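Understanding the architecture of this molecule
Read off the chains here:
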Amino acid sequence: MSATALQQGNSIKARISRDALVIRLGIVALVGFLFVAVALPLWSLLSKSFQNGKGEFIGLANYVQYFSTPTLFHSIFNSLWVAVITTVIVIPLAFLYAYALTRTKMPGKGLFYAVALLPLFAPSLLSAISLIYLFGNQGILKSWLFGGSIYGPIGIVIAQIFYCFPQALIILVAALALADARLYEVADALGTTKPRIFRTVTLPGAKFGLINACFVVFTLVVTDFGIAKVIGGQFNVLATDAYKQVVGQQNFSMGAVVGMILLIPAAIAFTIDRLVQRRQVALLSARAVPLEPKTNPLRDAALIGYVMLIGGLITIVLGTAVWASFITYWPYNLTLSLKNYNFAELDPGAWSPYFNSLKLAILTGIIGTAIVFTGAYLVEKTKLAPAGRAIAHLLAMLPMAVPGLVIGLGYVFFVNAPWNPLNIFYGTLTVLVVNCLAHFYTVAHITALTALKQIDPEFESVSASLKVPIWRTYTRVTVPICLPAVIDIAIYLFVNALTTVSSVIFLYGAQTKVASIAIVHMDEAGFTAGAAAMATMIVLTALSAKLLHVLLDKLVLTRLQAWRRR
Amino acid sequence: MTCPRRERGQKKIMSTTVKVTGKSNGASGAPFLRIRNLTKRFGAFTALNDVSLDVMKGEFVCFLGPSGCGKTTLLRAIAGLDPQDEGTIEIAGRDVSRLPPAARDFGIVFQSYALFPNLSVAANVGYGLVNRRKGRSEINARVRELLTLVGLADQETKYPVQLSGGQQQRVALARALATAPGLLLLDEPLSALDARVRLRLRDEIKSLQRRLGVTTIMVTHDQEEALSMADRIVVMNAGLIDQVGTPSDIYRKPESAFVADFVGSMTFFDAEVAGPSQVRLGGIDLSCSDAGGFIKGSAVRIGLRPEEVKVRNIDAATANAIDTRVATLDFLGPFCRAQLHPSGAPGVTILADFSANLMRDLKVEQGQQLTVALPPEALRIFARGAPR
Ligand SMILES: Nc1ncnc2c1ncn2[C@@H]1O[C@H](COP(=O)(O)OP(=O)(O)OP(=O)(O)O)[C@@H](O)[C@H]1O
Ligand SMILES: [Mg+2]
């Protein structure tokens with residue numbers, strides 16, 4: 001009897017250590033991946049900025065040179081200035097829009113929200129291309145500028161406003177949607193005036209969202225490459241400087257210095273934002289009563305007008321590029337044609353950049369989702385190797401503070417390094433996929449964590465008590481429960497990999513040029529219409545993916561998730 | 001009946017094994033679960049402090065104690081979910097101290113039930129069976145058997161959200177029992193249910209446990225639940241075991257003021273030992289059945305359950321008859337709780353429960369004088385020191 005008991009014990013023990021082994025291996029693999037994909041490239045960038053062209057350590061010499069070259073360091077002020085102006089304009093605009101969507105009884109909220117989010121499905125430079133069609137040298141509304149030029153800070157700021165608007169809007173809608181009706185009832189009962197209620201209840205409630213939105217917009221503008229490249233003209237900013245140094249002059253060390261400088265405002269913004277958010281106590285207690293907006297005809301009418309104006313402008317600006325892409329010869333022959341879609345005449349790669357982009361987006365979406373979600377699961381739901389999980393989480397959060405251009409530069413130096421056995425991957429789709437994933441890792445990771453935190457923490461315990469291997473519970477219970485979040489992550493990665501310019505601009509190879517880069521090249525070569533056509537293709541693809549997502553959600557997911565219905 | 005002799009300082013000794021066999025089975029010999037010197041720390045905080053305990057095969061044991069006393073911690077250590085820092089655990093003679101949960105042979109039901117929401121009731125119950133190289137039909141038969149056992153035979157295709165709280169609880173129970181574990185662990189399994197369902201499930205769980213004879217440990221902070229369900233109760237306080245005993249032992253012979261206070265209600269008042277079976281409360285001398293080994297002159301605490309205060313049939317021969325004034329009367333449904341102020345001992349308040357019946361017969365009213373008796377055998381004597 002004791003012998004069989006012992007035997008049984010041993011066999012059980014063996015099976016269990018396999019469970020623990022799998023978890024440990026998973027954590028090691030995750031940390032290893034993030035180390036290679038995130039930490040090492042950043043380290044390469046850092047060390048490159050202290051080396052000369054031959055790779056010898058020269059201390060701060062590159063930095064000294066940078067700051068003694070006025071044309072270079074002047075870009076810092078240009079970048080900051082443009083970013084501040086954009087932030088100051090975008091935040092109030094987006095706040096009012098978000099207020100209309102959350103605190104009024106206006107009709108068509110869903111439609112207006114969707115319209116405002118449209119720019120998310122296009123590369124940043126799409127709005128710049130549109131502005132060129134409207135106000136550029138051949139622009140149909142050029143006279144509106146009274147002799148001013150759209151090429152420069154004005155163009156950058158306007159294009160950035162359109163690009164950043166949805167990003168700020170998402171944050172502010174989330175902030176304003178959470179409100180405790182009781183606070184408003186108390187304020188009302190005390191006879192508080194409307195403006196005072198707004199100042200003492202509404203604004204403080206949205207404070208953290210506002211701060212967060214400011215930092216997000218500021219960072220986006222400082223680090224965006226596409227808009228400044230297309231419409232910046234002679235106006236130099238940090239992002240275009242990095243490109244010129246690396247691609248134009250092959251001066252990698254100086255490129256690294258610019259990259260490091262680019263990292264500073266983003267890192268500062270990220271750090272301050274984190275510190276501020278940490279002080280955010282749960283404003284909304286569990287017993288809060290959700291705020292039900294009241295009808296106020298005058299206010300609602302005014303806000304509908306406002307929302308229609310902004311939504312209309314967004315549609316016009318995005319639509320112009322799309323429309324222009326079908327125009328035979330702007331602005332002289334406005335008949336519609338598909339001539340500009342004949343990429344073979346405009347770009348050596350013909351249509352292949354588009355299909356490369358598609359491949360990149362699909363691979364990033366699928367592989368990325370698998371890595372991110374499994375990684376988040378290991379971090380959140382397992383108990384072994386606490387140090388490893390903490391490191392993995394830290395590395396997963398790091399990309400949030402790193403602009404795409406900077407991570408792209410880091411990859412150039414890292415993958416190109418002669419000592420690196422991975423340099424056989426240079427210019428391959430593999431590098432592009434890993435780079436995109438690294439760039440967009442944090443948001444996906446947070447989405448996965450949020451979903452995982454909502455499911456019962458005892459599933460793993462139950463499964464252990466029933467002697468069921470952990471991966472079985474992962475695939476049979478955890479993933480199915482989190483399917484909506486999993487698909488969200490996949491779509492997020494897909495759309496962003498499709499539209500990104502900055503993170504891949506240094507990394508593509510002859511065979512792997514992607515659509516967003518083809519846009520930059522066609523624009524550089526003066527084929528603006530071709531650039532618009534390629535951008536339109538990206539927008540159409542991204543929107544189709546989103547539409548498919550919505551349909552899938554409505555038709556398939558609801559059926560698969562029958563267990564959610566009472 | 002004897003008054004226990006132990007003092008708070010000796011608690012460590014108490015917390016080591018107190019072997020009282022469950023009354024429902026005459027099991028003897030080696031315990032099924034043997035816990036020795038278990039210590040668990042969270043940083044600087046000691047959640048379990050050198051805990052030892054034996055549980056016999058087939059027993060139903062309740063861990064009872066106030067919130068934060070370490071009940072869940074002890075249960076999770078037994079399961080191997082949060083392993084202890086020191087000490088050993090043996091299940092069925094096998095040292096499992098270092099083994100992961102899956103090697104320990106137990107079923108567990110959590111307060112949240114942790115039912116897999118995307119699996120049907122049948123799939124939930126069969127979850128642990130699928131892995132054991134059993135045939136489909138064998139698994140289905142077992143699942144049906146278990147669902148019948150918990151009275152949910154007709155619900156197998158439903159999903160957890162479509163069940164009531166009590167039904168979910170029973171599914172969780174069936175799932176935990178499916179693999180026929182040697183040990184069943186329940187962490188506050190009834191606390192998420194409303195009072196009526198709780199009462200019904202109490203009986204159901206208890207009778208199920210009796211029928212299956214599975215050794216069961218249930219965590220609860222509800223003393224009524226523990227008293228009505230357990231073969232033995234383990235009363236815990238601040239990471240230590242205060243007392244282990246049958247429900248009637250715990251209620252009638254609490255070994256510490258803490259246990260006395262936590263299980264049932266009790267009035268405490270300070271007194272002094274005046275003789276071998278005599279204590280002095282203010283100006284009143286009271287006889288008790290045993291001064292608990294305290295020497296004359298020691299400062300002690302006297303505990304008295306409100307329902308033990310006697311009002312009827314008091315005559316000259318009745319021991320410990322004292323004159324009191326009814327200071328307050330609180331109506332609590334089937335009975336009234338009175339605060340009595342003894343005339344001979346100013347500043348002392350004695351709580352007494354008067355049945356509705358008695359209230360009507362004697363017409364007790366607030367402010368009136370009332371002679372009551374404190375039966376000597378009902379006076380419990382503890383060392384001085386506030387119950388923790
Ligand atoms: N993971 C942890 N980290 C730090 N302290 C913990 C942790 N888990 C439990 N504790 C502490 O250990 C003590 C015992 O906790 P435990 O959960 O065992 O209490 P309990 O007796 O089950 O209480 P309750 O009736 O409230 O469930 C508590 O003071 C708790 O704060
Ligand atoms: Mg507990």
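A word on the sheet that holds strand β17 (residues 350–355) of chain B
All names here are of chain B. If you walk across this open sheet you meet the 4 strands as β17-β16-β15-β18, and the pairing is antiparallel. Looking along the sheet, the strands with just one partner apiece sit at the ends: β17 and β18 (369–373). Each neighbouring strand pair of the sheet contributes to a mean axis angle of 50 degrees, computed without reference to strand direction. Relative to β18, strand β15 (residues 321–331) runs antiparallel, the two sharing 5 bridges. When the sheet's bridge partners are listed, I322 is paired in β18 with V372.

Thoughts on the domain arrangement of chain B
All names here are of chain B. By the assigned domains, chain B splits into domain 1 (33–257) and domain 2 (265–383). Computed from C-alpha coordinates alone, the two centres of domain 1 and domain 2 are separated by 40 Å. With 7 residues of domain 1 at the interface, the matching set in domain 2 holds 5 residues. Summing both partners gives a buried area of about 510 Å² for domain 1 against domain 2, and 53% of it is carried by carbon and sulfur. Contact with domain 2 buries surface across domain 1, with Y251, P254 and A257 losing the most and accounting together for 80% of the total. For the interface between domain 1 and domain 2, the tally reads 0 salt bridges. Remark: the boundary between domain 1 and domain 2 carries 3 residue pairs in polar contact (both at pLDDT 80 or more). Here the side of domain 1 that touches domain 2 takes 3 residues from helix α8 (residues 247–252), the largest share from any one element. Counted by class, the side of domain 1 that touches domain 2 contains 4 nonpolar, 1 polar and 2 charged residues.

Here's the deal with the site of ligand 1
Residue and element names in this part refer to chain B. Looking at ligand 1, the residues that line it are F42, F45, A47, S67, G68, C69, G70, K71, T72, T73, E188 and H221. Contacts to ligand 1 include S67, whose side-chain N or O atom sits 2.4 Å from an oxygen atom. In isolation ligand 1 has 630 Å² of accessible area, and contact with the protein removes 59% of it. Sorting the residues of the shell around ligand 1 by element identifies β2 (45–55) and α2 (71–79) as the ones contributing at least two each. Sort the elements by how many residues they give to the shell around ligand 1 and α2 lands first, with 3 residues. Per-class residue counts for the shell around ligand 1 are 4 nonpolar, 6 polar and 2 charged.

Cut-offs and rules
- Residues numbered from 1 in each chain as written.
- Chains lettered and ligands numbered in written order.
- Predicted model: local features only at pLDDT ≥ 70, side-chain atom pairs only at ≥ 80, totals over all residues.
- Heavy atoms only, no water.
- Pairing = 2+ DSSP bridges.
- Helix = DSSP H or I, 4+ residues; strand = E, 2+ residues; numbered from the N terminus.
- Axes fitted to C-alpha atoms, helices over the stretch in contact; angles between N-to-C directions.
- Domains from an automatic or database assignment.
- Contact = heavy atoms within 4.5 Å.
- Buried area = accessible area lost by both parts, 1.4 Å probe.
- Salt bridge = Lys/Arg side-chain N within 4 Å of Asp/Glu carboxyl O.
- Polar contact = N/O pair within 3.5 Å; in protein donor to acceptor, adjacent residues only side chain to side chain.
- Nonpolar A, V, L, I, M, F, W, Y, C, P; charged D, E, K, R; others polar.
- Near = heavy atom within 4 Å.
- Areas by Shrake-Rupley, 256 points an atom, 1.4 Å probe, with all protein chains shown as cover.

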